[in-house]
Amino acid sequence: MLKPRRGLLAMLASAALLSACQSVDTDSASSAQVSQPPAESSASIKVNQVGFTPTATKMAVVPSNSADRFSLIPEGTNTAVYSGRLSASSTWDHSGETVKIADFSDFSRTGEYRIRVEGLPDSHPFSIAPDVYVDVNDASLKAFYFNRASTELLEEHAGIYARPAGHPDDQVKVHSSAASRHRPEGTIISGPKGWYDAGDYNKYIVNSGITTYTLLAAYEHFPEYYAERELNIPESGNGVPDLLDEIMWNLEWMLTMQDPNDGGVYHKLTTKRFEGRLMPHEATNQRYVVKKGTAAALNFAAVMAVASRVYADYEEDFPGFSTQALEAAEAAWQWAQANPDVTYRNPEDIHTGQYGDQTLFDEFGWAAAELYITTGQDRYYEAIMADELANVVPNWAESRGLAWMSLAHHRDNLTPIADQRLIAKRIDELAQELHAEWQESAYRVPMRRSDFVWGSNAVAMNNAMMLLQGYRLKGDGEYLEAAQSLLDYVLGRNATGYSFVTGHGSKTPMHIHHRPSDADGIEEPIPGFIAGGPQPGQQDGENCEEDGASYPSDKPAKSYVDHWCSYASNEIAINWNAPLVYVSGAIQALRQTD
Ligand code: 9MR
Ligand code: 9MR
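Because the structure is a prediction, the values reported are computed rather than measured.

Participant: Looking at this structure, I do not really get the domain arrangement of the protein chain. What am I missing?
Facilitator: For an interface, size is often stated in terms of accessible area lost upon the parts coming together. As assigned here, the protein chain comprises domain 1 (15-128) and domain 2 (134-418). Of note, the centres of domain 1 and domain 2, computed from C-alpha atoms alone, are 41 Å apart.

This is the structure:
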C-alpha cells in the first residue's frame, strides 16, 4: 500500500480535527467551573481518565510551560486538596513534546479529581478508588461476547447492542488450498462459534492462539479474582467462572479447525474478500477453510494444552473436554513435527487477513512448553530448546515470551529437568529492560520507537504483561509501577489525549473500525474495545484520504485518527483486547488487597 500524500486537503482536514479536539478540552475545563485559557490538544494535561487505586504510583504528563507546581481539585469544587512540584522538563521523541511529570503518588484519598496547572486547562477527571479497574476489566472481557459469531445477542445480555445471529458457519467449504484425500475441494464442513477476529468477520487460528492463551493465563494467574466476576453473558450463573465460559466459546470453534483425518489445522475460516460495512447477519458471503499450516497447528497445540489443564477442574461442567483438548493438542503437535515448515501466504483468490508468520522456532518452543507443563513429559521440555529460546514481548507472530510466562507461573510443579535458574533469568531480564525504559522516558512509559506498530496499544499491554511476570516472580514493586504506567498510557496518559478503551474515560474513540459498531446505527461504539493505537505506518492513508479524513501528525505516538477509515490505527482486535483484560485484571487483583 502507498504512503499517504499530504496535500492541502489533508492539511485542512487535520486542522478541522485539531479544532474538534480543542472544543473537547475547553468543554471539560468549563464544566469544572474554572476560567482557564483555551489550549490546543497537545497543550493538555494527560492522565489516566479512569483513575488509580489508592496506593498506586500516580502520575500525569503536563506540557511544559512556566508553571512549576500542580494541584489536585476535587470534582465539583474549586479548592485544591493537594499541591506538588512538577519535575524538570524533558522531551519525548516519540511525540516531539516537551513535558513535565506531576507525581502525586503520596495522595491516596478516594474521590474524583482533576489536575490543575496555571496556564493550562484542567485535566479530565479521574477517580481514586480501591476497585477502580473492575468496570474496565469487565467491559474488556464482555467485548469478546459482543464479538461472538454464530449467535444472536439478546437484549438481556447486550442491551442496546442486541443483534440477530450472524455467520452460522455450518456450511463452510474446503478451499482448494486445503483440499486433502478425505476432504476434497468443496467439501462442506461445520465450524461454528468463535470470536470475530477484529473489525472484520473472519476467524484466524494464529491470532486466536495468543488471544485465547492470554485469557486462559488471566484465569490461571488470578482464579479467585475471576471466580467473583459476573459479566451477564448467557452462561452466567452456571457455576463456571464467566471468563472460562467466554473462552469456551472460542475453544469449541478452534476444535472444528482440526482435520480429524491427520491432526492438521486450517489457518483460517474466511470469506474470499472482506465484507462491506454490514451487520453480521447481513454479511453472508460463502466462507472457506483455507490451507493447513505449521503456525496454525502449533498455536492450536499450545492453546489446547493449556485448556486441557485449566478445564480439568471443571470436568463435571465440560465432561470429556480436558482429555479431548489434550488429544487434539498432541495430534496437532505430531502434524507439525511431520510438516515443520509450512508457512502461510494467502492463495491468490483469498484477500483477507494474512497472519503470515514466517518464523516458527518460537511457536515450536511455546507449544512444547505448554505440552510439557500439562503432561510432565520431559521429551517436551527438551523440545522447547530452552537455552536458545529468548524471552521477548509477545505478539501474534512471536510466542517465545508465552512459553516463559507459563514456565514461570508453573515453576514449582515442573520436573527436575527444568532449568529453574534460566526461567527466572529470562523473566527478570526482560522486566529489567522494560523497567529501564520506564525510568528514562519523558512520559514515564516503557514504549520504544519500535513499539509503535499496527496495534501499538496492544504492544503497550503486552509490555505491561511481561513486567507483571517480573513482579510476580520477584516481587519488585517497581515492575508493578511500570506496568501501571502502561495501563495509564492506554487510558489517557498518551500524546493523543484519548482513553483508548471505548466507553471508559472522558475522551474515547467514537468511530472504531469495527463493523457492528459502525453498522448498528447507534452513535456510541460497543464499549470495552481498545483501539489499535498510534503508529506512523499509516497504511490506510489512501483509504482515509478518500473519506476526507487525515492523520493529525506523523509522529509515532500521535499518528492516530478516530475515524472508520483508519484500520491501521483505529481497528479493534481480539489479540489487542486480551492483554487489556490480563493487565487491568492483574493490576486490580494485585492492588485490591493493599
Ligand atoms: O476491514 C478490513 C480490516 O479488518 C483489515 O484489518 C484491513 C487491513 O487488511 O482491511 C480492511 O478492509 C479494507 C480493505 O483492506 C481495503 N478496502 C477498504 C476495506 C475497509 O475499509
Ligand atoms: O494485527 C495485524 C498486524 O500486525 C498487521 O500488520 C496487519 C496487516 O497485515 O494485520 C493486522 O491484523 C488484522 C488481520 O489481518 C485481519 N483482521 C484485523 C486485524 C487487525 O487489524
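Participant: I keep staring at the nonpolar core and nothing clicks. Help me out?
Facilitator: Burial of nonpolar side chains together is a common tendency in soluble globular proteins. Core analysis: the biggest nonpolar cluster contains 175 residues, and Phe-104, Ile-115, Tyr-311 and Tyr-582 have the highest contact counts within it. At 14 residues, the largest contribution of residues to this core is made by helix 7 (residues 294-311). Both domains that furnish three or more residues to this core are identified here as domain 1 (15-128) and domain 2 (134-418). Tyr-311 has contacts with Leu-216, Leu-244, Ile-247, Met-248, Leu-251, Phe-318, Phe-321 and Ser-322, leaving out every residue within four places of it along the chain.

Participant: Teacher, can you tell me more about the site of ligand 2 here?
Facilitator: Around ligand 2 sit Asp-197, Ala-198, Asp-200, Tyr-204, Gly-353, Gln-354, Tyr-355, Trp-396, Trp-454, Glu-571 and Trp-576, and those are all the residues in its vicinity. Within the side chain of Glu-571, one N or O atom sits 3.0 Å away from an oxygen atom of ligand 2.

Participant: Mind showing me how you'd approach the environment of Lys-100 here?
Facilitator: Examined against the element boundaries, Lys-100 turns out to sit in strand 6 (residues 97-103). The spatial distance from the C-alpha of Lys-100 to the C-alpha of Val-62 is 5.1 Å, given a sequence separation of 38 residues. Those residues within four positions of Lys-100 in sequence are excluded, and the remaining contacts are Ala-60, Val-61, Val-62, Ser-64, Asn-65, Ala-67, Leu-86, Ser-87, Ala-88 and Ser-89. There is a polar contact of 2.9 Å between the side chain of Lys-100 and the backbone oxygen of Ala-67.

Participant: Looking at this model, I keep getting lost on the state of the cysteines. Mind explaining?
Facilitator: Covalent bonding between the sulfur atoms of two cysteines defines a disulfide. As enumerated under the stated definition, the model contains 1 disulfide in all. What pairs with Cys-544 in a disulfide is Cys-565, and their sulfur atoms sit 2.1 Å apart. Sign of the S-S torsion, about 95 degrees for the bond between Cys-544 and Cys-565, identifies this disulfide as right-handed. Placement of Cys-544 in helix 16 (residues 541-546) and of Cys-565 in the loop between helix 16 and helix 17 (567-570) is noted, with a sequence separation of 21 residues between them. Overall, Cys-565 belongs to the buried group, its relative accessible area being 0%.

Participant: What am I meant to see in the pattern of salt bridges here?
Facilitator: Inspection of the entire model under this criterion finds 23 salt bridges. A salt bridge links Lys-46 to Glu-97; its shortest N-O distance comes to 3.6 Å. One end of the pair, Lys-46, is in the loop between helix 1 (8-31) and strand 1 (51-52); the other, Glu-97, is in strand 6, and 51 residues separate them in sequence. For Glu-97, a relative accessible area of 8% puts it in the buried group. Notably, a salt bridge pairs Asp-428 with Lys-474, separated by 3.1 Å at the nearest N-O pair. Here Asp-428, found in helix 12 (residues 420-440), pairs with Lys-474, found in helix 13 (residues 456-474); they are 46 residues apart in sequence, far enough to count as distant. On the basis of relative accessibility, which here comes to 47%, the residue Lys-474 falls in the partly exposed class. When salt bridges that share partners are traced, they join Arg-148, Glu-235 and Glu-246 into one network.

What counts and how
Residues numbered from 1 in each chain as written. Chains lettered and ligands numbered in written order. Predicted model: local features only at pLDDT ≥ 70, side-chain atom pairs only at ≥ 80, totals over all residues. Heavy atoms only, no water. Domains from an automatic or database assignment. Core = buried A, V, L, I, M, F, W, Y, C linked by side-chain atoms within 4.5 Å. Buried < 20%, exposed > 50% of the residue type's maximum accessible area, 1.4 Å probe, protein only. Helix = DSSP H or I, 4+ residues; strand = E, 2+ residues; numbered from the N terminus. Contact = heavy atoms within 4.5 Å. Near = heavy atom within 4 Å. Polar contact = N/O pair within 3.5 Å; in protein donor to acceptor, adjacent residues only side chain to side chain. Disulfide = S-S within 2.5 Å. Salt bridge = Lys/Arg side-chain N within 4 Å of Asp/Glu carboxyl O.

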